[in-house]
Amino acid sequence: MAKQKQDEGQAPKLTINDIARMAGVSKKTVSRVINRSPLLNRETRDRVETIIRDTGYVPNPQARALALGRNFLIGLVYDNPNVQMILSMQKGILEALHGTEFELVIRPVDRGSNLVMEDIRSFVTRQRLFGVVILPPMSENDALARMLDEEGCRYVRMGSAVLDDPEHMVASNDREAVADAVRHLIAQGHRRIGLIAGPHGFRSAQERREGFELALKEAGISLPRSLVADGQYTFESGLSASESLLDLSPRPTAIFASNDEMAAGVLYAARLRGIAVPEELSIIGFDDTPVTTRVWPPLTTVRWPIVAMGRAAALKLIGTAIGEDAEVNEPSMFSSTLIRRGSVAPPATS
């Protein structure tokens, strides 16, 4: 009975409509303040924030989610062995979600499974996701994009080439970036350059190989099959692939590895054989992950702006939660650039 009387004496809980009325603005404007939208002038933002602070108003995400028909959850779907890339993507997404009502939900999948599409459909519907960021190679599946459309779930696809319209995509210029990296090796005097390619079925592996071959073709340099080894975007596969390249006679004077984990594997293999880097072997990787500055010599690599791509992907998704007429001007194309460190030098003279 005492509890009942106490509840009866409490003031009714404030709603977003109450805050809007007190501030003399629309409910949409209050929502934008809560979600830290940049689409507001300072005076309006300060007025609404002052009222929220003075009244002790706490947004009710459950009520808003019910109105939207979705939870305030962004999914990250991936099947990719490149752990550092996944972590960097998470970092970018979380930066975008910071200070909003949104949370990130991670979902690894097996693209080789016959049930992968139904697994993702179940994940989306069960969690009532507001939107999904899809990493390669799953992002390269057009049928997955169509399924998300059918479920009414927003999505953004990450890729190494154009995969969709700008609203649904963040992509990088992998082919041209790798061509620039190999041109750098050629400018140093290298002619016998090995390639450790990425996994079959990955668009990134295809784009990077095509960039590698483009630079060689421009310089009139042939590419024997023996100078190409397959990798899986892991340190171990880079170590294994580099063994076959370093067994050649003559061996390559430079190796481009399609990601940094594999490049680190090449560096390790060279160290085991007593091959000096960069004096006897130059190495370039791709990603610019932390490993590049934690080895010696520090690795020259192509910086893949994964964090920025993750941030943009998330902002593309949550922009509509800020307001129906909110303009999301996040870029869709990102440039990868060569970062020169200590693993490249002119080839040794015989």
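All values derive from a computational prediction rather than experimental measurement. The residue count restarts for each chain, going from 1 along the sequence in the order it is written. Two thresholds apply to this predicted model, a pLDDT of at least 70 for residue-level local features and 80 or more for giving and counting side-chain atom pairs, whereas whole-chain, interface and lining totals are computed over all residues. Values reported for side chains reflect all heavy atoms of the structure, with hydrogen atoms and water molecules removed beforehand.

Some thoughts on the pairing of strand 1 (residues 73-78)
Three exposure classes are used, based on accessible area relative to the maximum for each residue type with a 1.4 Å probe and protein chains only: buried under 20%, partly exposed in between, and exposed over 50%. Secondary structure elements follow DSSP: runs of H or I of four or more residues count as helices, runs of E of two or more count as strands, with numbering from the N terminus. Along strand 1, six of the six residues are buried, which leaves the element largely enclosed by surrounding structure. The two faces of strand 1 match: L73, G75 and V77 on one face and I74, L76 and Y78 on the other face are all buried. Here the rule is simple: two strands pair whenever DSSP picks up at least two bridges between them. Of the pairings in the sheet, the one linking strand 1 to strand 2 (residues 103-108) comprises six bridges and is parallel in character. Pairing of L73 across the sheet is with E103, part of strand 2. The β-α-β motif built from strand 1, the intervening helix 6 (residues 83-97) and the parallel element strand 2 has right-handed crossover chirality. By the bridge criterion, four bridges tie strand 1 to strand 3 (residues 131-134) in an arrangement that is parallel. Bridge pairing in strand 3 places V77 opposite I134. Handedness of a crossover is defined as follows: with both strands directed away from the viewer, a clockwise route from the first strand across the helix to the second makes it right-handed.

Description of the packing of helix 9 (residues 174-187) against helix 10 (residues 203-218)
Put simply, helix 9 and helix 10 touch, their axes get as near as 7 Å, and they point 40° apart. One way to sum up the angle between helix 9 and helix 10 is to call them oblique. Helix-helix and strand crossings are classified by hand; for helix 9 and helix 10 the assignment is right-handed. Along its contact with helix 9, which presents D174, R175, E176, V178, A179, V182, R183 and I186, the element helix 10 presents S204, E207, R208, E210, G211, F212, L214, A215, L216 and E218. Interaxial angle, 0 to 180 degrees, is taken between N-to-C directions of lines fitted to C-alpha atoms, where a helix line uses only the stretch in contact. Throughout this description, any angle smaller than 35 degrees is read as roughly parallel, any larger than 145 degrees as roughly antiparallel, any in the 65 to 115 degree range as roughly perpendicular, and the remainder as oblique. Crossings are classed by handedness, with left-handed meaning an anticlockwise turn of the near helix from the far one by less than a right angle and right-handed meaning a clockwise turn. Note on definitions: a residue-residue contact is assigned when non-hydrogen atoms from the two residues lie within 4.5 Å.

A few points about the packing of aromatic side chains
Here a Phe, Tyr or Trp ring, Trp counted by its six-membered ring, pairs with any other such ring whose centre lies within 6.5 Å, and the pair is stacked when the planes are under 30 degrees apart, edge-to-face when over 60, and tilted otherwise. For the structure shown, the criterion picks out six aromatic pairs. Judged by centre distance (5.0 Å) and plane angle (70°), the rings of F102 and F130 are edge-to-face. Of this pair, F102 sits in the loop between helix 6 and strand 2 while F130 sits in the loop between helix 7 (116-127) and strand 3, placing them 28 residues apart in sequence. For the pair shown, F102 and F130 are each scored as buried. Each member of the aromatic cluster is reached from another via a ring pair, and the members are F72, F102 and F130. Whether a charge sits over a ring comes down to the Lys NZ or Arg CZ being within 6 Å of the ring centre and within 35 degrees of the ring normal. Directly above the aromatic system of F286 lies the positively charged group of R208, at a separation of 3.8 Å from the ring centroid. A cation over an aromatic ring shows up here: R208 above the ring of W304, its NZ or CZ 4.7 Å from the ring centre.

Observations regarding the nonpolar core
In this description, a nonpolar core means a group of buried Ala, Val, Leu, Ile, Met, Phe, Trp, Tyr and Cys residues linked to one another through side-chain atoms lying within 4.5 Å. Ranked by size, the top nonpolar core spans 48 residues in total, and within it I74, V133, L135 and M158 carry the most contacts. Domain start and stop positions are those given by an automatic or database domain assignment. Counting the residues that make up this core, at least three belong to each of domain 2 (68-172 + 306-334) and domain 3 (174-304). Not counting residues within four places of it along the chain, the set of residues in contact with I74 comprises L97, F102, E103, L104, V105, F130, G131, V133, L317 and I318. Listed in part, the 21 residues of the second largest apolar core include L245, I275, I283 and L299.

Notes on helix 6
Given the number of residues in a helix, its expected span is that number minus one, multiplied by 1.5 Å. Over its 15 residues, helix 6 runs 21 Å from end to end, which matches the ideal 21 Å to within 8%, given 1.5 Å per residue. Here helix 6 has its buried residues at M85, I86, S88, M89, Q90, G92, I93, A96 and L97. One or two residues past the end of helix 6 sits G99, with phi positive at roughly 85°.

What about helix 7?
Helix length check: helix 7, at twelve residues, gives a terminal C-alpha distance of 16 Å against a target of 16 Å (1.5 Å per residue), a fit within 8%. Of all the positions in helix 7, only V116, I120, F123 and V124 are classed as buried. Down the axis of helix 7, the smallest arc covering the buried residues is 95°, so these residues share one side. On the buried face of helix 7, the contacting elements are strand 1, strand 2, strand 3 and helix 8 (142-150). R128 occupies a position one or two residues after helix 7 and carries a positive phi of about 50°. Arc, as used here, means the arc of the directions from the helix axis to the C-beta atoms.

Focus: the side chain of D288
By the element assignment, D288 lies in the loop between strand 9 (282-287) and strand 10 (300-303). N or O atoms closer than or at 3.5 Å make up a polar contact, with two conditions inside protein: a donor-capable atom paired with an acceptor-capable one, and, for residues adjacent in sequence, both atoms drawn from side chains. At 3.4 Å, the side chain of D288 forms a polar contact with the side chain of T292. Looking at D288, its side chain comes within polar contact range of the side chain of R341, at 2.9 Å. Apart from the residues lying within four places of it in its own chain, the contact partners of D288 are D260, T301, V302, R303, I339 and R341.

Here we look at the confidence of the model for the chain
Scored from 0 to 100, pLDDT records how confident the predictor is in each individual residue. For the chain, the average pLDDT comes to 88, and 89% of its residues sit at 70 or higher. Predicted confidence is poor over residues 1-7, with pLDDT under 50, and the contacts of this stretch with residues over four places away or in other chains come to zero contacts. Segment residues 65-69 is flagged for pLDDT under 50; beyond a separation of four residues in sequence, or across chains, it makes six contacts in the model.

Things to note about the pairing of strand 10
Judged from the four bridges that link them, strand 9 and strand 10 form a sheet pairing that is parallel. Within strand 10, the position partnered with D287 by the bridge is R303. Here three bridges tie strand 10 to strand 12 (residues 337-339), and the two strands are oriented antiparallel to one another. Of the residues in strand 12, the one forming a bridge with V302 is L338.

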